[in-house]
Amino acid sequence: MVKKGIIPFLRTSTARPQQPLLTAARHSTQRRRALHSSTLKAAVAHPITAHGPPPKVPSPSPRFEERATHQAEGKEKLSETEPEPRPTKKPTTLKKRFWKDVDFQIKQGGEYQVLLDKRPVRTPSKSVLSIPPTKPYLAHAIALEWDVLNTAQQALKNHMIPLTSLTARAADIAHEDAAGETLARDQIVKTAMRYLDTDTLLCWVPEHSESAVEAGGNDQRQETLREAQMRVAKDIIAFLSTKVWPGIEIVPVLDAESILPASQAPATKDIIKQWVQGLEAHDLAALERGILASKSLLVAVRLVSEWSENFRHLQRAGQKKFGIEEAAEASSLEVKWQTDMWGEVEDTHDVDKEDLKRQLGSVILLVSGETPERQ
């Protein structure tokens, strides 16, 4: 008796199985035979028909040989159990400070020389930097500049050693004067006269372009920008036209509707040009620094004439001098007026203001000397 659930063609060997199942089994067996029991064909060796010696073996290109050599060396290094430590670069001489002590000495002629250990500081032209005997404060300041440097690389940047670079500029001018050359002087005079045509002290805001601003909401009227510009400019012009260049007439170069600056009279330009050409080397170098810092020839002239030891006849004892604060305010009056109203931009206006004072201070320190009582 046949149990239920058993496939019929497995019942007896003589039973006729169902045709679809047999066909599927036969095809699957043929597929397995075709994949695993197929016969391999042997390779046919063709006869050699070439004549003569065999060709030479191709040689690799030099670039390939270098690459292979580097790869072999790299594999040898990787195969070692203890790889070699990577070599550390030795610090260059510019990355460290090659001097320990900074001092200055007085030479036989009374001039000062700043010493790095025992080596004197030199100018870019390789000459020894000499400081006049009447300027001991300048020698102290230059020695302090080199004492605060941490690396020799910092000494290659002029903004890190402003007094040294300024004194070296004056020394080069003095060296040219002794040799009868006027290249540096002509360059400074040309720059000074170009700044006179667009002097920032003489560029005033037009009268109708601004209105009075109330201060703090009360009835007190605040000084306008034009009024501030006229007040500062007239004070400086009055000093220059009475003491430095008596009788000279200086007019504003930008005061009307035109955007093109007006020019000074030819006689005014000639007097100013001759005055600049006749300056002593240190005064001339200081004037150049003051012009570039303040963008004003007139501000730089008053600063030099108020502090230079060569213009003591213009200086009155007991009177307040035109100093760093006054020169910085005169050269950046519009910026100060705007920042007082709207506020400063951090790390921008405050940094520029301090840098301007630093440069103007170097002008005063270069031109000033000991008072007659202390000499």
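Residues numbered from 1 in each chain as written. Predicted model: local features only at pLDDT ≥ 70, side-chain atom pairs only at ≥ 80, totals over all residues. Heavy atoms only, no water.

The name given to the protein in an unreviewed UniProt entry is ATP12 chaperone protein, and the organism recorded there is Aspergillus versicolor CBS 583.65. As stated in UniProt under Subcellular location (unreviewed entry), the record for the protein gives "Mitochondrion". In the Sequence similarities (unreviewed entry) part of its UniProt record, the protein is described as follows: "Belongs to the ATP12 family." (UniProt positions renumbered as here; feature names shortened; annotations may be inferred.)

Colleague: Account for the packing of helix α9 (residues 297-307) against helix α12 (residues 349-367), with residues named and values stated.
Modeller: Two elements in contact, α9 and α12, have axes whose closest approach is 9 Å; the angle formed by their N-to-C orientations is 35 degrees. Where α9 crosses over α12, the two elements pack in a sense that is right-handed. Residues Leu303, Val304 and Trp307 of α9 lie in contact with α12, whose contacting residues are Leu360, Val363, Ile364 and Val367. (Axes fitted to C-alpha atoms, helices over the stretch in contact; angles between N-to-C directions. Helix = DSSP H or I, 4+ residues; strand = E, 2+ residues; numbered from the N terminus. Left-handed = near helix turned anticlockwise from the far one by under 90°. Contact = heavy atoms within 4.5 Å.)

Colleague: Break down the pairing of strand β1 (residues 102-106) for me, citing the residues and quoting the values.
Modeller: In terms of strand pairing, β1 meets strand β2 (residues 112-116) through five bridges, oriented antiparallel. Looking across to β2, one finds that Ile106 is bridged to Tyr112. Where β1 hands over to β2, the hairpin turn is made up of five residues, of which Gly110 adopts a positive phi near 90 degrees. (Pairing = 2+ DSSP bridges.)

Colleague: Describe the side chain of His282, and please don't skip the residues or the numbers.
Modeller: Along the chain, His282 falls in helix α8 (residues 281-294). Contacts of His282, omitting those with residues within four sequence positions, involve Pro132, Lys135, Ala170, Leu366 and Val367.

Colleague: Give a detailed account of unusual backbone geometry, specifying residues and quantitative values.
Modeller: With a phi angle near 75 degrees, Lys126 is a residue other than glycine that sits in the positive phi range. Even without glycine at this site, Asp347 takes up a positive phi of about 65 degrees. Along the chain, Asp347 turns up in the loop between α11 (333-342) and α12. For Asp347, a relative accessible area of 57% gives the class exposed. (Buried < 20%, exposed > 50% of the residue type's maximum accessible area, 1.4 Å probe, protein only.)

Colleague: Talk me through the sheet that holds β2; I want residue IDs and the actual numbers.
Modeller: Spatial strand order, β1-β2-β3: three strands in an open sheet with antiparallel pairing. Looking at strand neighbours, the two that pair on one side only are β1 and β3 (119-120), the edges of this open sheet. Packing against the sheet, helix α3 (residues 136-147) makes contact with β1 and β2, and its axis sits at approximately 15 degrees to β2.

Colleague: So what about the packing of aromatic side chains? Which residues, and what values?
Modeller: A complete count under the given rule lists five aromatic pairs for this structure. For the pair Trp245 and Trp275, a centre-to-centre distance of 5.7 Å together with 90 degrees between the ring planes defines the contact as edge-to-face. Here Trp275 lies in helix α7 (residues 266-277) and Trp245 lies in the loop between α6 (225-244) and α7, a separation of 30 residues in the sequence. Neither residue differs from the other here; Trp245 and Trp275 are each classed as buried. Pairing Trp275 with Phe311 gives two aromatic rings, centres 5.7 Å apart and planes at 35 degrees, and the pair type is tilted. Here the residue Trp275 occupies a position in helix α7, and Phe311 occupies one in the loop between α9 and α10 (324-331), the gap between them amounting to 36 residues. Grouped by ring-pair contacts, the aromatic residues Phe98, Trp99 and Trp146 constitute a single cluster. Taking NZ or CZ as reference, Arg302 lies 4.5 Å from the ring centre of Phe239, over its face. Positioned above the aromatic ring of Trp307 is the side chain of Lys321, whose terminal nitrogen or guanidinium carbon lies 4.5 Å from the ring centre. (Phe/Tyr/Trp six-rings, centres within 6.5 Å; stacked < 30°, edge-to-face > 60°. Lys NZ or Arg CZ within 6 Å of the ring centre and 35° of its normal.)

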